[in-house]
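Tertiary structure, described
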Amino acid sequence: MEALLGSSPSPSPSLSFTVTRRNPITSLKVLSWNSLYSGSNYSRVYHPILGLKRSGNDNSGSCSPLCYIEQMYRNRMFSEPIRRCRKIFIDKQSLLVIQNGLAFLPRKFKTSLRKTLKHSEIFKSIVPEIFVRSCIGLMLVMAVNAAVVKAPSFALTEENLLFLEAWRTIDRAYIDKTFNGQSWFRYREDALRNEPMNTRQETYAAIKKMLATLDDPFTRFLEPEKFKSLRSGTQNALTGVGLSIGYPLGENVSAFGLVVISASPGGPANRAGISSGDIILQIDNTSTENMGIYDAAERLQGPEGSGVELTVLRGSETRKLSLIREKVSLNPVKSRICKLPTGGDDAPQIGYIKLSTFNQNASGAVREAIETLRKNNVKAFVLDLRDNSGGLFPEGVEIAKIWLDKGVIVYICDSRGVRDIYDTDGSNVVAASEPLAVLVNKGTASASEILAGALKDNKRAQLFGEPTYGKGKIQSVFQLSDGSGVAVTVARYETPAHNDIDKVGVIPDHPLPASFPKDDESFCNCLQNPAAACHLDRVELFSK
């Protein structure tokens with residue numbers, strides 16, 4: 001079989017093809033090619049075509065400059081379609097149909113063209129053209145939408161950027177990814193368009209309004225001075241009246257005002273008789289009913305020697321107290337040896353450790369106290385966490401590692417469940433074997449509850465006292481670029497037994513006598529004097 005390239009006279013408006021072949025079998029007809037770019041028509045060439053040349057007579061009117069030919073009776077040998085590649089058509093037998101006639105393909109082009117046509121056919125059969133066009137259109141719409149969402153339609157000012165910094169902090173860190181059931185992205189766009197942010201105070205007001213939509217009293221904005229004050233409270237000293245305060249929980253949930261979590265031993269509030277559970281109704285004649293804890297903390301602090309007036313409720317009794325601010329030491333640990341009345345100087349003694357806060361020095365101070373007490377023949381310990389309102393979460397974890405040789409300390413959870421586990425392998429343990437008792441009360445909160453729960457659930461210690469405060473949320477404080485900050489609820493925690501203690505507290509194993517003292521010297525007297533109303537037997541204290 002041979003194919004001859006037909007002549008190519010100058011084109012004319014009306015063209016037709018005639019076929020010259022050997023031993024003609026049947027007639028051929030010319031079919032019109034409706035559109036050069038049509039994807040619905042296929043050119044087909046069938047055996048026994050040997051050559052093709054133009055003739056000058058075609059009345060179809062739509063066959064310029066290229067027509068296709070189809071045999072009336074199809075032969076299986078040449079039943080493969082001719083495919084279009086730009087202005088060239090090819091069948092799968094390597095027969096080339098061009099504008100001017102037929103020719104065989106050169107050998108070196110056969111393989112590549114066949115592969116191209118095969119892949120094109122597969123893609124075309126799987127992915128309809130309308131689908132491809134739809135996808136491209138959808139991608140363009142999404143790209144336009146993304147550009148609109150990410151970039152406000154106005155230039156961002158310095159105040160807008162500070163607002164966005166606070167927004168991003170919440171977006172990344174906040175525990176509730178539904179953001180109290182609202183579209184967090186939509187709120188950002190609406191606030192940038194509608195909230196006045198012409199001055200720094202207007203920007204602060206916009207940030208506070210944004211955080212208020214979360215309905216979380218522990219997620220709060222801190223102006224630069226408040227942020228600085230909060231940071232100093234986790235370090236070494238604080239000028240104020242020595243109070244840790246919180247929102248009413250448990251039995252005080254219906255109270256109006258702020259609850260006293262603890263009063264620093266020896267501080268102005270402690271000397272005035274304020275204790276955990278009392279309700280602060282007013283600070284300098286300003287009601288605390290709708291006052292945030294950070295605002296209240298700022299009002300309680302001030303220059304050394306200045307005065308502040310508090311209205312305090314205990315039960316049904318209301319008192320007005322005038323206090324003088326002073327520098328309150330935040331040394332987190334006090335310790336002493338409690339000598340038992342029998343056994344002489346060589347008898348095992350009890351080491352009493354009072355941990356009042358979890359600041360930057362807490363874990364190191366506890367470690368040092370244990371080592372000092374051991375040198376004095378101490379064989380058992382009492383860890384007093386009463387009125388310890390917490391502090392730095394990492395310090396609570398580190399102190400748990402001092403007492404535990406293995407086990408989970410706390411589970412950190414978000415809205416989807418456990419996201420992190422803090423445990424210990426014993427590498428930081430100092431006192432894993434000596435008998436240990438832990439004292440707690442309703443002023444034991446936050447990091448103190450993490451520590452108490454870890455020691456209880458790992459059966460390392462017996463807990464004595466009353467249910468703890470019940471603050472099961474964890475906050476982190478983030479500094480913004482202008483020196484202000486945002487305190488954000490980043491997680492909740494569960495004890496090693498998977499108890500969620502939020503608003504419930506850690507439940508102790510045993511109660512303490514009603515008259516049990518809080519100071520270290522009186523504690524030792526209760527152990528030494530069997531006739532005292534507060535007496536606790538050593539065996540009872542450390543039994544499991």
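Being a predicted model, the structure only gives us computed values, none of them experimental.

**So, the overall build of the protein chain**
For the protein chain, the count of helices and strands is 13 helices and 27 strands. Taking contacts inside the protein chain between residues at least 6 apart in sequence as the whole, the part at least 24 apart equals 70%. Summed over all atoms, the accessible surface of the protein chain reaches about 28100 Å², with 52% contributed by carbon and sulfur.

**Quick notes on helix α8 (residues 293-300)**
Turning to α8, its buried residues number three or more, namely I293, Y294, A296 and L300. Summarising the axial view, the buried residues of α8 lie within an arc of 160°, below the 170-degree limit, and thus occupy one face.

**Considering the environment of K456**
Inspection of the secondary structure puts K456 in helix α11 (residues 447-457). Residues contacting K456, with those up to four places away along its chain left out, are A461, L463, V506, I507 and D509. A polar side-chain atom of K456 sits 2.5 Å from the main-chain carbonyl oxygen of I507.

**Some points on the pattern of salt bridges**
Under the defined criterion, the tally for this structure stands at 20 salt bridges. The partner of E189 in a salt bridge is R188, with the nearest N and O atoms 2.7 Å apart. Take E189: its relative accessible area is 9%, and that puts it in the buried class. Across the pair K473 and D502 runs a salt bridge, and its minimum N-O distance is 2.9 Å. A residue pair is termed long-range when its members are at least 10 positions apart, and K473 in strand β26 (residues 473-479) and D502 in the loop between β27 (485-494) and α12 (520-528) qualify at 29 residues. Three or more residues joined by partner-sharing salt bridges are found here, namely E158, E159, R200 and D482.

**Observations concerning the side chain of N160**
Here N160 shows up in helix α3 (residues 158-173). At 3.0 Å, the side chain of N160 and the backbone nitrogen of T157 are in polar contact.

**Describing the packing of α3 against helix α5 (residues 200-212)**
It is at 9 Å that the axes of α3 and α5 come closest, and there the two elements cross at 25°. One way to sum up the angle between α3 and α5 is to call them roughly parallel. In this structure, α3 crosses over α5, and the sense of that crossing is right-handed. Along the contact surface, α3 presents E158, E159, L162, F163, A166, W167 and I170, while α5 presents R200, T203, Y204, A206, I207, M210 and L211. Counted by class, the contact of α3 with α5 contains 10 nonpolar, one polar and three charged residues.

**A short note on the environment of K471**
Within the secondary structure, K471 sits in the loop between β25 (462-465) and β26. Since its relative accessible area comes to 14%, K471 is described here as buried. Spatially, the C-alpha atoms of K471 and V504 are 8.1 Å apart, while their sequence positions differ by 33 residues. Discounting chain neighbours no more than four positions away, the residues touching K471 are F218, S446, E449, Y493, I501 and D502. Among the polar contacts listed, one links the side chain of K471 to the backbone oxygen of K473, at a separation of 3.0 Å.

**Considering the sheet that holds strand β20 (residues 349-355)**
Spatial ordering of the open sheet is given by β19-β20-β21-β24-β25, a layout of five strands whose pairing is mixed. With one partner strand each, in any of the chains shown, β19 (333-338) and β25 form the two edges of the open sheet. Taken pair by pair, the neighbouring strands of this sheet meet at an average axis angle of 25°, ignoring direction. When β19 meets β20, the two strands line up antiparallel, connected through six bridges. Residue pairing in the sheet places I337 in a bridge with G351 of β20. Lying over the sheet, helix α9 (residues 362-374) contacts β19, β20 and β21 (378-384), oriented at roughly 15° with respect to β19.

What counts and what doesn't
- Residues numbered from 1 in each chain as written.
- Predicted model: local features only at pLDDT ≥ 70, side-chain atom pairs only at ≥ 80, totals over all residues.
- Heavy atoms only, no water.
- Helix = DSSP H or I, 4+ residues; strand = E, 2+ residues; numbered from the N terminus.
- Contact = heavy atoms within 4.5 Å.
- Areas by Shrake-Rupley, 256 points an atom, 1.4 Å probe, with all protein chains shown as cover.
- Buried < 20%, exposed > 50% of the residue type's maximum accessible area, 1.4 Å probe, protein only.
- Arc of directions from axis to C-beta.
- Polar contact = N/O pair within 3.5 Å; in protein donor to acceptor, adjacent residues only side chain to side chain.
- Salt bridge = Lys/Arg side-chain N within 4 Å of Asp/Glu carboxyl O.
- Axes fitted to C-alpha atoms, helices over the stretch in contact; angles between N-to-C directions.
- Parallel < 35°, antiparallel > 145°, perpendicular 65-115°, else oblique.
- Left-handed = near helix turned anticlockwise from the far one by under 90°.
- Nonpolar A, V, L, I, M, F, W, Y, C, P; charged D, E, K, R; others polar.
- Pairing = 2+ DSSP bridges.

Fair warning: the whole summary comes from geometry, so function is off the table for now.
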